[in-house]
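Descriptive analysis of the structure
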Amino acid sequence: MRLKRLELFGFKSFADRTVIDFGQTTLTGIVGPNGCGKSNVVDAVRWVLGETRPTSMRGSGMTDVIFKGSASRPGMGTAEVTMILDNDAGVLEERGPEIAISRRLYASGEGEYLIDGQRVRLKDVKDLLFDTGLGSRGYSVLEQGRIDAVLSANPAQRRAIFEEAAGISRYRQRRHETELRLKRCEQDVERLDDLMGELRSRVRSLKIQATKAEKYVTAKAEWTEGRTRLLSHRLLAAEGTLEVLKPAIADLEGGVATLRERRSECEAGIEGREAERSGVVAELGTVSAEVAQISGDLRALEERKSQLAMRIASWTASTDEETERAAALGQQFEERQEELARITNEVDALRERTRVAAERASSLTSQGRELGKTYRQLRAEVEGQNERVLDSLHQRTASENKSVHLREAIPPMTERLARVTERFESSEGQVGEVSARLEAAHGALESAASVREGADVALERVRGDLGAGREQLEASRAQ
Ligand code: ATP
Ligand code: MG
């Protein structure tokens, strides 16, 4: 089997669809500077063969294999690699001359495998390539650094590589699978043995049950037979009895028919009675309502009666009271009559007295008039007296003022007298003059004092007159 062609699209650095055609040549070399993408071709081969480890793709996640863009163009949403194998030699008998294995991965993380354009599982891809030396971890892909790993591998690992190359792995795998199936079969057999044991014990118990059931069936048949015999015997006897009873039954049936007729008659009668009864019931209802009404009225009347009785009792009591009061009033009336007669006498006497009083009143009125005149005269006199008193008071005040002035003038006069006395010796004439003036001053003082005394006496007299006039006036008013 040969690798014929490799098509890359959106895988790692291969943004454009790239086809690497290995043609019929035995050897193909890819040459380029560091980082140009040589190892990406090997990664693409291992990826399309089902590599699942992102680290072996030199990334942190599997979607890292999708072209993530460069300075000149944006990233892509899908990575796709297709490997075309030449099957001309018919290594894979069931396939055609060319086998196309494809793998796609979307940015969402979902992916798919295709064989000749048909969607398949990864397992189908692995099964197809089993023992062809192809595989993501097969000896057919020895990338950078792996040759060293193969050379330094331990004998067991190296043997695995050789076995795969020799095509033994397939049989080894099949043997392993057969062994697994055999083991499962042995387990099934063991389970079947267990089941058989269980079934055997159940068969034993079922056999016992079957024996019992057989016995039961036999007994039941015997019982059924005996019972049938008994019942047919009874039936015969009953048939005999029936024959004997038939005439009586016929009679009874006749009686039943008669009774039925009577019953229907009775039912008709009952219906009539029912109608009557319902009428009576309705009437009873009305009567009951009326009775209730009348009872209510009766109760109200009873109540009213008792109220009236109470009122009559109270009225009787008050009538007695009123009678008593009437008697008392009669007595009082008589007393009042007597009193009236007495009062009438008194009134007559009073009338007489009134007449006398009226006469007296008229005389008093004329007296009053006289007294009023006298009063007015007295009043005029009093007013004159008052004026005079006022004049006297004025005079007294003036005299007092004068006396004060004179008293105030005494000390300077005395001083002057002293001075004059001093000057007496020197001025004889002046002494006489001063003495005369002093005497005159004393005389004025004395006359002022006598005027004041006279005024006081007059004032007292006027006051006495005024009091007497007032008393006289009051007395005349009281009369
Ligand atoms: P060396 O000679 O050093 O081994 P190389 O030729 O094997 O180099 P690769 O390792 O195959 O080169 O390629 C590395 C290049 O691939 C880097 O330039 C890297 O930028 C580019 N590359 C890897 N993954 C992606 C990706 N997802 N999208 C775009 N470019 C990628
Ligand atoms: Mg490299």
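My aim in this report is to walk through the structure given alongside it, one point at a time. (Residues numbered from 1 in each chain as written. Chains lettered and ligands numbered in written order. Predicted model: local features only at pLDDT ≥ 70, side-chain atom pairs only at ≥ 80, totals over all residues. Heavy atoms only, no water.)

1. Examining the overall build of the protein
Just so we agree on the cut-off: Runs of E in the DSSP output that reach at least two residues are strands. Runs of H or I that reach at least four are helices, and both are numbered from the N terminus. C-alpha atoms define the radius of gyration in this analysis, and the globule rule sets the expected value at 2.2 Å times the number of residues to the power 0.38. A simple rule labels every residue: compare its accessible area, found with a 1.4 Å probe on the protein chains alone, to the largest value its type can have, and call it buried under 20%, exposed over 50%, or partly exposed in between. Note on contacts: a residue pair qualifies if any of its non-hydrogen atoms lie within 4.5 Å across the two residues. Accessible surface area values rest on a Shrake-Rupley calculation with a 1.4 Å probe, where residue burial reflects the displayed protein chains alone. We score Asp and Glu as negative and Lys and Arg as positive, and we do not count His or the chain ends. The location of each charge is read from NZ of Lys, CZ of Arg, CG of Asp or CD of Glu.
A count of helices and strands for the protein gives six helices and six strands. Walking the protein from its N terminus toward its C terminus, one meets helices and strands in the order β-β-α-β-β-β-β-α-α-α-α-α. By the compact-globule yardstick of 23 Å for 479 residues, the protein is too spread out, its C-alpha radius of gyration being 85 Å. Principal-axis analysis of the C-alpha atoms gives the protein an extent of 200 × 145 × 45 Å. Counting over 479 residues, the protein shows a buried share of 17%. Long-range contacts, defined as pairs at least 24 residues apart, comprise 54% of the intrachain contacts of the protein with a sequence gap of at least 6. As displayed, the protein has an accessible area near 35,900 Å², and 56% of this comes from carbon and sulfur atoms. For the protein, the distance from the average position of its 74 positive side-chain charges to the average position of its 80 negative side-chain charges is 12 Å.

2. Describing the site of ligand 1
To keep things clear, this is the line we draw: Consider each residue's heavy atoms; a residue with any of them within 4 Å of a molecule or strand counts as near. Contacts described as polar in this section are N or O atom pairs within 3.5 Å, which, within protein, must combine one atom able to donate a hydrogen with one able to accept it, while residues neighboring in sequence count only if both atoms come from side chains. In the scheme used here, Gly and all other residues not listed as nonpolar or charged are polar, with Ala, Val, Leu, Ile, Met, Phe, Trp, Tyr, Cys and Pro taken as nonpolar and Asp, Glu, Lys and Arg as charged.
For ligand 1, the set of nearby residues contains 16 residues, the closest of which are Asn34, Gly35, Lys38, Ser39 and Asp64. One nitrogen or oxygen atom from the side chain of Arg58 is found 3.0 Å from an oxygen atom belonging to ligand 1. The backbone of Ile66 places a nitrogen or oxygen atom 3.2 Å from a nitrogen atom of ligand 1. Coverage of ligand 1 by the protein chains reaches 71% of its 650 Å² of free accessible surface. Taken together, the residues of the shell around ligand 1 break down into four nonpolar, seven polar and five charged.

3. A few points about the pattern of salt bridges
The line we're drawing: Salt bridge criterion: a side-chain nitrogen from Lys or Arg within 4 Å of a carboxyl oxygen from Asp or Glu.
Summed over the entire model, instances satisfying the criterion amount to 22 salt bridges. Among the ionic pairs, Glu80 bridges to Arg104, the shortest N-O distance being 3.2 Å. Here Glu80 is found in strand E3 (residues 78-86), whereas its partner Arg104 is found in strand E4 (residues 98-106), with 24 residues between them in sequence. Among the salt bridges present, the one from Glu112 reaches Arg104, with a minimum N-O distance of 2.6 Å. With a relative accessible area of 24%, Arg104 lands in the partly exposed category. Through salt bridges with shared partners, a single ionic network connects Lys12, Asp43, Arg46, Glu51, Arg53 and Arg58.

4. Some words on a negative patch on the surface
Note the following rule: Exposure above 30% relative accessible area and the absence of a salt bridge qualify a residue for a patch, where like charges join within 9 Å and nonpolar side chains (Val, Leu, Ile, Met, Phe, Trp, Tyr) within 5 Å.
A surface patch of negative charge is lined by Glu186, Glu190, Asp193, Asp194 and Glu198. Mapped onto the elements of the fold, Glu190 is located in helix H5 (residues 168-426). In this structure Glu190 comes out as exposed when scored by relative accessible area, which is 53%.

5. Thoughts on a nonpolar patch on the surface
On the surface, a nonpolar cluster with roughly 360 Å² of combined accessible area is contributed by Leu192, Leu195, Met196 and Leu199. Structurally, Leu195 is set in helix H5.

6. What about the sheet that holds strand E2 (residues 18-21)?
The criterion, for reference: Paired strands are those between which DSSP finds at least two bridges. Here the axes come from fitting lines to C-alpha atoms, over the contacting stretch only for helices, and the angles between their N-to-C directions go from 0 to 180 degrees.
Here we have six strands laid out as an open sheet, ordered E2-E1-E3-E4-E5-E6, and antiparallel in their pairing. Each edge of the open sheet is held by one strand with a lone partner, namely E2 and strand E6 (118-120). Adjacent strand axes in the sheet meet at a mean angle of 20 degrees when their direction is disregarded. Where strand E1 (residues 2-9) lies against E3, seven bridges are found, and the strand directions are antiparallel. Residue pairing for E3: Arg2 is matched across the bridge by Asp86.

7. A few points about the pairing of E1
Look at any regular strand and the pattern is simple: side chains alternate between the two faces of the sheet. Looking at chain direction, E1 and E2 are connected through four bridges and run antiparallel. Its bridge partner being in E2, Leu6 is matched across the sheet by Ile20.

8. Quick notes on unusual backbone geometry
Excluding glycine, residues mostly have negative phi values, and the peptide bonds linking residues are mostly trans. Not every positive phi belongs to a glycine, and Arg58 is a case in point at roughly 60 degrees. Even without a glycine there, the phi angle at Asp116 is positive, about 50 degrees. Relative to the assigned elements, Asp116 resides in the loop between strand E5 (111-115) and E6. The exposure class assigned to Asp116 is partly exposed, which follows from its relative accessible area of 36%.

9. Things to note about the side chain of Glu51
Among the secondary structure elements, Glu51 is positioned in the loop between helix H1 (38-48) and E3. Polar contacts involving the side chain of Glu51 include one to the side chain of Ser56, which spans 3.3 Å.

10. Section: the nonpolar core
How we decide: Residues belong to a common nonpolar core when they are buried Ala, Val, Leu, Ile, Met, Phe, Trp, Tyr or Cys residues joined through side-chain atoms within 4.5 Å.
Ranked by internal contacts, the top residues of the largest apolar core, which has 31 residues, are Leu6, Phe11, Trp47, Val65, Val81, Ile101 and Leu129. Secondary structure elements with two or more residues in this core: E1, H1, E3, E4, E5 and helix H2 (122-128). Here this core takes five residues from H1, the largest share from any one element.

11. Looking at the pairing of E4
The pairing of E3 with E4 spans nine bridges and is antiparallel. Looking at the pairing, Glu80 lines up with Arg104 of E4. Once E4 ends, the chain turns through four residues before running back antiparallel as E5, passing Gly109 with a positive phi of about 105 degrees.

12. Notes on the side chain of Asn40
Here Asn40 lies in helix H1. Only 2.9 Å separates the side chain of Asn40 from the side chain of Arg58, close enough to count as a polar contact. Not counting residues up to four positions away in its chain, the partners in contact with Asn40 are Phe11, Lys12, Ser13, Phe14 and Arg58.

13. Thoughts on H1
Across the 11 residues of H1, eight count as buried, placing the element largely inside the fold. Restricting attention to buried positions, one finds in H1 the residues Asn40, Val41, Asp43, Ala44, Val45, Arg46, Trp47 and Val48. The inward-facing, buried residues of H1 abut E1, E2, E3, E4, E5 and H2. Gly50 occupies a position one or two residues after H1 and carries a positive phi of about 110 degrees.

14. Observations concerning the environment of Lys402
Along the chain, Lys402 falls in helix H5. Lys402 gets classed as exposed once you look at its relative accessible area, which sits at 52%.

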